[in-house]
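# Coordinates in review
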Amino acid sequence: MKVSLVVNGSPREVDLPPLSRLLDALRGPLGLTGTKEGCAEGECGACTVLLDGDPVNACLVAIGQCEGRRVTTVEGLACAGHLSPLQRCFVEEGGAQCGICTPGMLLSAEALLARSPDPSELEVREALAGNLCRCTGYQRIVESVRAAAALRRGGGGAAP
Amino acid sequence: MSLADLRLFEMRHVAGLGPLCEIMAERAALGAPVTLLAGGTDWVVEQELRPPLEVAAGGPAAPPLVVDVSRLSDLRGISLSGDTLRVGAATTYLEMLRSDAIAARAPLLARMSRDVGAVQIQARGTLGGNLATASPAADGVAALAAYDATVVVQSVRGERRIPMSALQTGYKRTSRAPDEVIVAVEIALPAPGSPWYWRKIGARRAQAISKVALAGVAEVRSGRAARLGLGMASVAPTTALLPSVRALCVSRPLAELTGAEVDAAVAQDISPIDDVRSTRGYREHCARGVVRELLRQLGAQV
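Described below are features of the structure shown in this document.

Reading guide: rules and limits
Residues numbered from 1 in each chain as written. Chains lettered and ligands numbered in written order. Predicted model: local features only at pLDDT ≥ 70, side-chain atom pairs only at ≥ 80, totals over all residues. Heavy atoms only, no water. Helix = DSSP H or I, 4+ residues; strand = E, 2+ residues; numbered from the N terminus. Rg over C-alpha atoms; globule rule 2.2 N^0.38 Å. Buried < 20%, exposed > 50% of the residue type's maximum accessible area, 1.4 Å probe, protein only. Contact = heavy atoms within 4.5 Å. Areas by Shrake-Rupley, 256 points an atom, 1.4 Å probe, with all protein chains shown as cover. Pairing = 2+ DSSP bridges. Axes fitted to C-alpha atoms, helices over the stretch in contact; angles between N-to-C directions. Buried area = accessible area lost by both parts, 1.4 Å probe. Salt bridge = Lys/Arg side-chain N within 4 Å of Asp/Glu carboxyl O. Expected span 1.5 Å × (residues − 1). Arc of directions from axis to C-beta. Parallel < 35°, antiparallel > 145°, perpendicular 65-115°, else oblique. Left-handed = near helix turned anticlockwise from the far one by under 90°. Nonpolar A, V, L, I, M, F, W, Y, C, P; charged D, E, K, R; others polar.

## Let's talk about the overall build of chain A
When helices and strands are tallied, chain A shows 5 helices and 5 strands. Secondary structure of chain A in N-to-C order comes out as β-β-α-β-β-β-α-α-α-α. Relative to the compact-globule value of 15 Å for 160 residues, chain A shows a C-alpha radius of gyration of 15 Å, a close match. A buried classification covers 51% of the 160 residues belonging to chain A. Taking as baseline every contact in chain A between residues at least 6 positions apart, the subset at least 24 positions apart corresponds to 59%. Carbon and sulfur atoms form 51% of the exposed surface of chain A, whose accessible area is close to 6,500 Å².

Below, the structure written as structure tokens:
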């Protein structure tokens, strides 16, 4: 099945069996390996991408359901070679640890900040509840997101 | 694991409910029902966990036909008409969380939606999927049971309206016929500001399937429950509607109820088991606790 979708702002087309997972389309023909495969059953959030702006587990979305939809992956966060405020803060605040959960964490956080520019710690934790960190280092991740929120509010970098 | 089998499946898209019902009727007549795919939060995981498709002599067995209903407009949307709320079967939990009509008139649905998985699941999972899958642990089904919702199904034979009390017929089984599509749920809303209750007990707040969950909707007048709807998850092969508890609590002024008789009614209405998530004993303990907590919020001294 040929599916046309918009990935990180660019129109793309893939030709895959319709029940192939969005995750496989991204990591395979689309060449975007920043999206990680963790549990492959919608539990860990490592494969989180944005589908029309909302976080989803790419392991549970069939590519045949993606015609005309907008997908954002971690590769879509940086802009013209510059890290997004969230990415910068993950680097500076120690939010990126072993790194496996980081792309998914970034996208869940991106969706949160797009709707809620000044989230409380509880809101951040709730927004990241579907993303498991195997290093169990959540505190720094939460701090990174809140730092990025402040940076964005201060105009310290345009949203991607 | 049979993830590779997913590549064998055929997927169709349909323009509306009419053509969908025709496909359902054709396939049901062949004894090969259609899989309606919305969020895939149950079905895709099930495909992954089940054994590979059997290869019959002469080639692989025909994989099921999947029809994508995730964006079928006939199955979507939230509308309020007088005191009736209608929620399309393909409406996601995230859409319910963001709905002003639901926040104002059916806050239990919004609160329950927050406890379904985490946001990634809320963005994909649907009420219709929850109803069709019919897990006794389903949060959405417990909430709809508390509202005594009506499930609207459609087939080429016409529309049928199923009360929640007649929907589930056994563990993950429903009275929906193989040619019927779940279109929407309708809720006769309680008066604005009426009390409601939601409590989900699980291993953690997000991504947990409940050990026990209780949804409740009530209208209280002069110390009596004029309306009491209950739905309890994970304590029986089907979502428990707690008929004995309901009957007891509307029979007398709430202040006259005793804890012992409430506990006895709960015991009559549930049949929990030991499983990977919890034990029968803990579930019985929790079930009594949440029913009593709900009743205390309505003014009972139990």
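## Section: the overall build of chain B
A count of helical and extended segments in chain B gives 11 helices and 15 strands. Since a compact globule built from 302 residues should have a radius of gyration of about 19 Å, the 20 Å found for chain B is in line with a globular shape. The proportion of buried residues among the 302 residues of chain B is 54%. Taking the intrachain contacts of chain B between residues at least 6 apart in sequence as the baseline, contacts between residues at least 24 apart amount to 65%. Summing over all exposed atoms, chain B offers an accessible surface of approximately 12,600 Å²; the carbon and sulfur share of this is 53%.

## Some details on the sheet that holds strand 2 (residues 35-37) of chain B
Strand pairing in a sheet relies on backbone hydrogen bonds. The paired strands run either parallel or antiparallel. Residues and elements named next belong to chain B. In space, the 3 strands of this open sheet follow the order 1-5-2, with parallel pairing throughout. In this open sheet, the two strands that pair with only one neighbour each are strand 1 (10-13) and strand 2. The sheet shows a mean angle of 30 degrees between the axes of neighbouring strands, taken without regard to direction. Inspection of the sheet shows strand 1 paired to strand 5 (residues 65-68) by 4 bridges, in the parallel sense. Bridge pairing links His13 to Asp68 in strand 5. Across the sheet, helix 1 (residues 17-29) lies against strand 1, strand 2 and strand 5, angled at about 165 degrees from strand 5, the strand it touches most.

## Points about the interface of chain A and chain B
At the junction of the two partners, chain A supplies 36 residues and chain B supplies 33 residues. Between chain A and chain B, a total of about 2,700 Å² is buried, with carbon and sulfur atoms accounting for 52% of that surface. Considering only the surface of chain A that becomes buried against chain B, Leu19, Leu60 and Gln65 of chain A emerge as the three largest contributors, covering 27% of it. One can count 2 salt bridges joining chain A with chain B.

## Quick look at helix 1 of chain B
Residue and element names in this part refer to chain B. Between its first and last C-alpha atoms helix 1 spans 18 Å; for 13 residues at 1.5 Å apiece the expected length is 18 Å, and the two agree. Every buried residue of helix 1 is listed here: Leu17, Leu20, Cys21, Ile23, Met24 and Arg27. All buried residues of helix 1 fall inside an arc of 160 degrees around its axis, so they share one side. Exposed residues lying more than 90 degrees from the buried face of helix 1 are Glu26 and Ala29.

## Observations regarding the sheet that holds strand 15 (residues 224-233) of chain B
Residues and elements named next belong to chain B. In spatial order, the strands read 13-14-15; together these 3 strands make up an open sheet with antiparallel pairing. The outermost strands of the open sheet, each flanked by one partner alone, are strand 13 (196-201) and strand 15. Each adjacent strand pair in this sheet contributes to an overall mean axis angle of 10 degrees, direction not counted. Sheet topology places strand 13 next to strand 14 (residues 212-221); 6 bridges connect them, and they run antiparallel. Bridge pairing in strand 14 links Arg199 to Leu214. Seen against the sheet, helix 8 (residues 139-146) touches strand 13, strand 14 and strand 15 and runs at an angle of roughly 160 degrees to strand 15. Its contacts with the sheet put helix 11 (residues 280-297) on strand 13, strand 14 and strand 15, and the angle it makes with strand 13 is roughly 160 degrees.

## Some thoughts on the pattern of salt bridges
The tally for this structure, following the rule as stated, stands at 27 salt bridges over all chains. Measuring nitrogen to oxygen at the nearest pair gives 2.9 Å for the salt bridge that ties Glu126 of chain A to Arg114 of chain B. One end of the pair, Glu126 of chain A, is in helix 4 (residues 121-127); the other, Arg114 of chain B, is in helix 5 (residues 107-114), on a second chain. Overall, the relative accessible area of 34% leaves Arg114 of chain B in the partly exposed class. Because the salt bridges share partners, they merge into one network encompassing Arg86, Glu159, Arg161 and Glu186 of chain B.

## A word on the packing of helix 10 (residues 259-269) of chain B against helix 11 of chain B
All names here are of chain B. Packing of helix 10 against helix 11 brings their axes to within 10 Å, and their N-to-C directions diverge by 125 degrees. It follows that helix 10 is oblique to helix 11 by the angle criterion. Crossing angle aside, the handedness with which helix 10 passes helix 11 is right-handed. Seen from helix 10, the contacting residues are Gly259, Ala260, Val262, Asp263 and Val266; seen from helix 11, they are Ala287, Arg288, Val291, Arg292 and Leu295. Among the residues forming the contact of helix 10 with helix 11, the class breakdown is 6 nonpolar, 1 polar and 3 charged.

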